[in-house]
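The residues making up each chain are set out below.
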Amino acid sequence: MKNSSCLGATVPGLFSPLTIPTPVPVIRLPRGPDGTSRGFSAVRGQDRAGSLAEVAEQRVRAALRERYLRSILAMVGRPVHFTLHERVQVDAQFGATDLDVANFHVSQLQTPLGVQGEALLRCADIISYSFQL
């Protein structure tokens, strides 16, 4: 008789072989127009293309987003001047940003208290930034 405490051992009638269920793919719908729901707006169910004004606004937003992302790409490796809350002025060499553009990674951050070799600046703390092309 087999020992039932070992892995893989079975006793006829007491244990059945384990079967691993097949994983099911999950489709995640995009966020709805209100920003909290998933799927599509019930109000605009018939109007799939949207109005001309909405299409034009979407094109303008896409162009502005592309311009912003290109400006961030142009900053990599350049000295950047940041203005933070409480009128704090700092200079640093721009390194990178995260996926959500919520944080900036900089090096050689020159603050009123001294120089920090590496730092992470939260975009919520930044009022403005500038750099030379």
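Position numbers for residues count from 1 along each chain, tracking the sequence in the order it is written. Local features in this predicted model are restricted to residues of pLDDT 70 or higher, and side-chain atom pairs are both shown and tallied only at a pLDDT of 80 or more, whereas totals for entire chains, interfaces and linings draw on every residue. Excluding hydrogens and water, the side-chain figures rest on all heavy atoms present in the structure.

As recorded in an unreviewed UniProt entry, the chain goes by Gem nuclear organelle associated protein 7 and comes from Monodelphis domestica.

Peer 1: What am I meant to see in the overall build of the chain here?
Peer 2: When its secondary structure is counted, the chain shows one helix and five strands. Numbering of helices and strands runs from the N terminus, with a helix taken as a DSSP run of H or I at least four residues long and a strand as a DSSP run of E at least two residues long. Ordered by position from N to C terminus, the α and β elements of the chain give α-β-β-β-β-β. Working rule for contacts: check all heavy atoms of both residues, and any pair within 4.5 Å makes them a contact. Within the chain, contacts between residues separated by at least 24 positions form 29% of all contacts whose residues are at least 6 apart in sequence. Using the Shrake-Rupley algorithm and a 1.4 Å probe, accessible areas are obtained, with residue cover drawn only from the displayed protein chains. Carbon together with sulfur atoms contributes 59% to the accessible area of the chain, which is approximately 11200 Å² in total.

Peer 1: Just to check I follow, could you spell out the sheet that holds strand 4 (residues 114–122) for this structure?
Peer 2: Remark on secondary structure: sheet strands pair via backbone hydrogen bonds, oriented parallel or antiparallel. Spatially, five strands are ordered 4-3-2-1-5 in an open sheet, and the strand pairing comes out antiparallel. The open sheet has two free edges, formed respectively by strand 4 and strand 5 (126–131), since each of these has just one partner strand. Geometrically, the sheet is characterised by an average inter-axis angle of 35° between neighbouring strands, direction not taken into account. In short, DSSP must find at least two bridges between two strands for them to pair. Across five bridges, the pairing between strand 1 (residues 79–84) and strand 2 (residues 89–97) is antiparallel. In the sheet register, F82 faces strand 2, and the bridge partner there is V90. Orientation is described by axes fitted as lines to C-alpha atoms, over the contacting stretch for helices, and by angles from 0 to 180 degrees between their N-to-C directions.

Peer 1: So what exactly am I meant to see when it comes to the packing of aromatic side chains here?
Peer 2: For any pair of aromatic rings, geometry is given as the distance between the ring centres together with the angle between the planes. Ring pairs are drawn from Phe, Tyr and Trp, using the six-membered ring of Trp, whenever the two centres fall within 6.5 Å, and their geometry is named by plane angle: stacked under 30 degrees, edge-to-face over 60, tilted for the rest. Under the defined criterion, the tally for this structure stands at four aromatic pairs. Ring centres of F82 and F104 lie 6.2 Å apart, and the angle between their planes is 45°; on these two criteria the pair is classed as tilted. Taken as a pair, F82 in strand 1 and F104 in strand 3 (residues 103–111) lie far apart in primary sequence, 22 residues in all. Each member of the pair, F82 as well as F104, carries the same accessibility label: buried. A centroid spacing of 6.1 Å and a plane angle of 45° characterise the contact between F82 and Y129, whose relative ring orientation is tilted. Only protein chains enter the accessibility calculation, which uses a 1.4 Å probe; a residue is then buried when its area is under 20% of its type maximum, exposed when over 50%, and partly exposed in between.

Peer 1: Can you walk me through the side chain of S107 in this structure?
Peer 2: One can find S107 in strand 3. When sequence neighbours within four positions are dropped, the list of residues in contact with S107 reads A92, Q93, Q116, G117 and E118.

Peer 1: Is there a simple way to think about the side chain of T83 in this case?
Peer 2: With respect to the helices, strands and loops of the structure, T83 is situated in strand 1. Residue class for T83 comes out buried when judged on its relative accessible area of 18%. Any pair of nitrogen or oxygen atoms within 3.5 Å is treated as a polar contact; in protein, a donor-acceptor pairing is required on top of that, and neighbouring residues in sequence qualify only through side-chain atoms on both sides. Of note is the side chain of T83, whose polar atom sits 3.3 Å from the side chain of Q89.

Peer 1: Sorry if this is basic, but what is going on with the nonpolar core here?
Peer 2: Proteins that are soluble and globular tend to have nonpolar side chains buried together. What is meant by a nonpolar core is a set of buried Ala, Val, Leu, Ile, Met, Phe, Trp, Tyr and Cys residues, joined one to another through side-chain atoms within 4.5 Å. Counting residues in each nonpolar core, the largest one holds 15 residues, and the members touching the most others are F82, F94, F104, V106, L109 and L121. Among the secondary structure elements, those contributing two or more residues to this core are helix 1 (52–75), strand 1, strand 2, strand 3 and strand 4. The residues touching L109, leaving out its near neighbours within four places in the chain, are V90, D91, A92, G114, V115, Q116, A119 and L121.

Peer 1: I tried to follow the pairing of strand 2 on my own but got confused; where do I start?
Peer 2: Strand residues, when the strand is regular, have side chains that alternate between the two faces of the sheet. Linking strand 1 to strand 2, which pair antiparallel, is a turn of four residues; within it E86 sits at a positive phi near 65°. Where strand 2 and strand 3 come together, five bridges link them in antiparallel fashion. In the sheet register, T97 faces strand 3, and the bridge partner there is F104.

Peer 1: Sorry, what's going on with the pairing of strand 1 here?
Peer 2: Sheet analysis places strand 1 next to strand 5, joined by five bridges and oriented antiparallel. Counted as the bridge partner of V80 is F131 from strand 5.

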